[in-house]
Number of protein chains: 2
Amino acid sequence: MGEGNTYLCKACACSSVSVFKSLSNEEHELLSSKLKCNFYKKGDILYREGSRITGCYCVQKGVLKIYKTGIDEKPQIVAFARPGDITGYRSVLSNEVACTTVEALEDSEICFIPSEIIFALIKKNSDFALSLIQLTCKELNQANSYIKDIAQKTVRERLAETLIMLYETFNVDAEGYITINLTREDLSSIVGTATESVIRILSELKSEGLLELKGKKIKILDLKKMKLISDSIF
Amino acid sequence: MGEGNTYLCKACACSSVSVFKSLSNEEHELLSSKLKCNFYKKGDILYREGSRITGCYCVQKGVLKIYKTGIDEKPQIVAFARPGDITGYRSVLSNEVACTTVEALEDSEICFIPSEIIFALIKKNSDFALSLIQLTCKELNQANSYIKDIAQKTVRERLAETLIMLYETFNVDAEGYITINLTREDLSSIVGTATESVIRILSELKSEGLLELKGKKIKILDLKKMKLISDSIF
DNA sequence: AAAAAAATATGACATTAGTCAATATTCAAT
DNA sequence: ATTGAATATTGACTAATGTCATATTTTTTT
């Protein structure tokens, strides 16, 4: 892990897509003067479910997987975080122990933002507070949708949905492969099924001409049909 | 439905458990001067998924069920609202159409709070904003937990969990029956399963001495054992 | 109170998805 | 390049759960 430093973190403090977009120049200064940017290697744990955290984490570079631990230590992935996203703010704001474990999926640069700063910004800037509320509301709605899907759809439908989500979240490389490396096990802990089922259905979808597989890389060949499957229409 | 009126709504404006606890006297005045309290009959719909709403709803009396509509119009219950709870704030704050349908489970009195008031209060009072953030964070965490459970637990385990949740949320009457009337179908749309499965497992649990059933009324006889089942230990 | 509608209950059966075991492949470290 | 470990794959089997049909009971309406 690299040492912390205090330069202005472009991905979080400045990004127009991030929750920090409503900060004034002065507030940006305050924020960036307190940031500590750290390097995490693939597989590193930022924090574990149940531990106390003293600030939030903002992704500058890389990808994080965020999961809860269930029966027999089986992880359930509930979200990813990409550059511009923040994580840990829930526990910070509610002053509770972390409700998820966060792990770097690839080598990543992550800024740490101490709790006080977040609280100070909420106090100072009601637009920032509103952005935070909107962010959590959006995530809450997504979570509720996923509850509905996981309760009502088949594994095949959920896998199709997950692939589309990954496609939309991480885009594709020059060859059309989704630019994220997940193990079959990771996929199974998003979909909520056994690893073997993911493998079987992936090759099914491949033989139906919907997918191309090259190791962990996945290319969606027929997005339209994939959406139909995901919507339980097909 | 009854006519709106402007008296101070005790359940929402004053409740120390509600999100409004951090309001000043002056802000309470503002809030209660704008409230409209309405009566809804059992089965009445407050608003439907996809419709525009212009404020939030605060439960004064009664119970609301909050659900998303899935495949073949099958509802998935994602929450209940009891006196002191508010609903609709997500769509209001994000300025999006309602993401759930809300229905009165029993005859209810519900206050309507226009959007402007909510926004004004966020702007004026950062503690109120923080309360709202904390509320959504708490709900988000619950939703993520439920995703984990629904993905990893069996129907039996989830039903046990649901019964415990209902027990803790709605308490029991003098005879020990949980004080909420849900159809087996309602139960199935919480648990995420077929109605027949709920019926079967309920009578299983009854024959195992864990439950007493009297029509829709449910009494948990062995909470400890029920928790073990819910935790996949038994 | 009677009739109709809705909800509950049960059995038989089909389907889905999970588990276990064996093998193959890929990846990482030396 | 070689070894070992992790990951992926496949098949056989089992368990869980959904679906459909039908009967019964409860609730609501007239």
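Residues numbered from 1 in each chain as written. Chains lettered and ligands numbered in written order. Predicted model: local features only at pLDDT ≥ 70, side-chain atom pairs only at ≥ 80, totals over all residues. Heavy atoms only, no water.

So, about the environment of Ser91(A). All names here are of chain A. Checked against the element boundaries, Ser 91 lands in helix 3 (residues 89–94). Spatially, the C-alpha atom of Ser 91 lies 9.9 Å from that of Gly 50, the residues being 41 residues apart in sequence. Setting aside chain neighbours within four positions, we find Ser 91 in contact with Ile 53, Glu 96, Val 97, Ala 98 and Cys 99. (Helix = DSSP H or I, 4+ residues; strand = E, 2+ residues; numbered from the N terminus. Contact = heavy atoms within 4.5 Å.)

To continue, consider helix 5 (residues 126–152) of chain B. All names here are of chain B. Here helix 5 spans 39 Å end to end across 27 residues, near enough to the 39 Å set by a 1.5 Å rise per residue. The buried fraction of helix 5 amounts to 19 of the 27 residues, a majority that puts the element mostly inside the structure. The opening residue of helix 5 is Asn 125, an N-cap whose side-chain oxygen sits 2.9 Å from the backbone nitrogen of Asp 127. (Expected span 1.5 Å × (residues − 1). Buried < 20%, exposed > 50% of the residue type's maximum accessible area, 1.4 Å probe, protein only. Polar contact = N/O pair within 3.5 Å; in protein donor to acceptor, adjacent residues only side chain to side chain.)

Both copies of the chain are related by a screw-like operation: a rotation about an axis and a shift along it. Each copy of the sequence occupies a distinct position, and chain A is placed on chain B by a rotation of 180 degrees and an axial shift of 0.0 Å, giving an RMSD of 0.0 Å. Classification of the inter-copy transformation places it as that of a two-fold axis. A shared binding surface is used by both copies, with 100% of the interface residues of chain A retained as interface residues in chain B. (Least-squares fit on C-alpha atoms with pLDDT ≥ 70 in both.)

Within the structure shown, the criterion is met by 16 salt bridges over all chains. Put simply, Lys153(A) and Asp149(A) hold a salt bridge, and the shortest N to O gap is 3.8 Å. Of the residues examined, Lys153(A) reaches a relative accessible area of 10% and is grouped as buried. With a closest N to O distance of 3.8 Å, Glu212(B) and Lys219(B) form a salt bridge. Taken together, the salt bridges that share partners define one network made up of Lys148(A), Asp149(A), Lys153(A) and Glu161(A). (Salt bridge = Lys/Arg side-chain N within 4 Å of Asp/Glu carboxyl O.)

Residue and element names in this part refer to chain A. Counted by the stated rule, this structure contains 2 cavities of 30 Å³ or more. Computed from the structure, the largest cavity encloses a volume of approximately 70 Å³. Forming the boundary of the largest cavity are Leu 166, Ile 178, Ile 180, Leu 182, Arg 184, Leu 187, Lys 216 and Ile 218. Residue composition of the lining of the largest cavity, grouped by class: 6 nonpolar, no polar and 2 charged. (1 Å grid on protein atoms, 1.4 Å probe; cavity = no way out; pocket = protein on both sides within 12 Å on 5 of 7 lines; lining within 4 Å. Points joined across faces, edges and corners; volume = space filled by probe spheres on them. Nonpolar A, V, L, I, M, F, W, Y, C, P; charged D, E, K, R; others polar.)

The next thing to look at is the nonpolar core. Among the nonpolar cores identified, the biggest contains 143 residues, and Phe80(A), Leu132(A), Phe80(B) and Leu132(B) are the most heavily contacted of them. Once residues within four sequence positions are removed from consideration, Leu132(B) is found in contact with Ile133(A), Val19(B), Ile86(B), Tyr89(B), Leu93(B), Ile118(B) and Ile122(B). (Core = buried A, V, L, I, M, F, W, Y, C linked by side-chain atoms within 4.5 Å.)

A separate point is the sheet that holds strand 6 (residues 86–87) of chain A. Sheet strands pair via backbone hydrogen bonds, and the direction of the pair is either parallel or antiparallel. Residues and elements named next belong to chain A. If you trace the 4 strands from one edge of the open sheet to the other, you get 1-8-3-6, paired in antiparallel fashion. With partners counted over all chains shown, the strands left at the sheet margins are strand 1 (36–40) and strand 6, one partner each. Sheet topology places strand 1 next to strand 8 (residues 108–114); 5 bridges connect them, and they run antiparallel. Looking at strand 8, one finds that Cys 37 is bridged to Cys 111. Running over the sheet, helix 4 (residues 115–124) touches strand 3 (55–61) and strand 8 and is turned about 65 degrees from strand 8. (Pairing = 2+ DSSP bridges. Axes fitted to C-alpha atoms, helices over the stretch in contact; angles between N-to-C directions.)

For the rest of this paragraph, the subject is the protein's contact with DNA strand C. In the neighbourhood of DNA strand C, 15 residues make up the surrounding shell, with Val155(A), Thr193(A), Ser197(A), Arg200(A) and Arg184(B) lying closest. Counted by atom, the contact set of DNA strand C within 4 Å of the protein is 62% sugar and phosphate. Here Val155(A) contributes a backbone N or O atom positioned 2.8 Å from a phosphate oxygen of DNA strand C. Interatomic distance of 3.1 Å between a side-chain N/O atom of Glu196(A) and a base nitrogen of DNA strand C. (Near = heavy atom within 4 Å.)

All names here are of chain A. Put simply, helix 7 (residues 184–191) and helix 8 (residues 195–207) touch, their axes get as near as 8 Å, and they point 100 degrees apart. The orientation of helix 7 with respect to helix 8, classified from their angle, is roughly perpendicular. Contacts from Arg 184, Glu 185, Leu 187 and Ser 188 of helix 7 reach helix 8 at Thr 195, Val 198, Ile 199 and Leu 202. Of the residues belonging to the contact of helix 7 with helix 8, the class tally is 4 nonpolar, 2 polar and 2 charged. (Parallel < 35°, antiparallel > 145°, perpendicular 65-115°, else oblique.)

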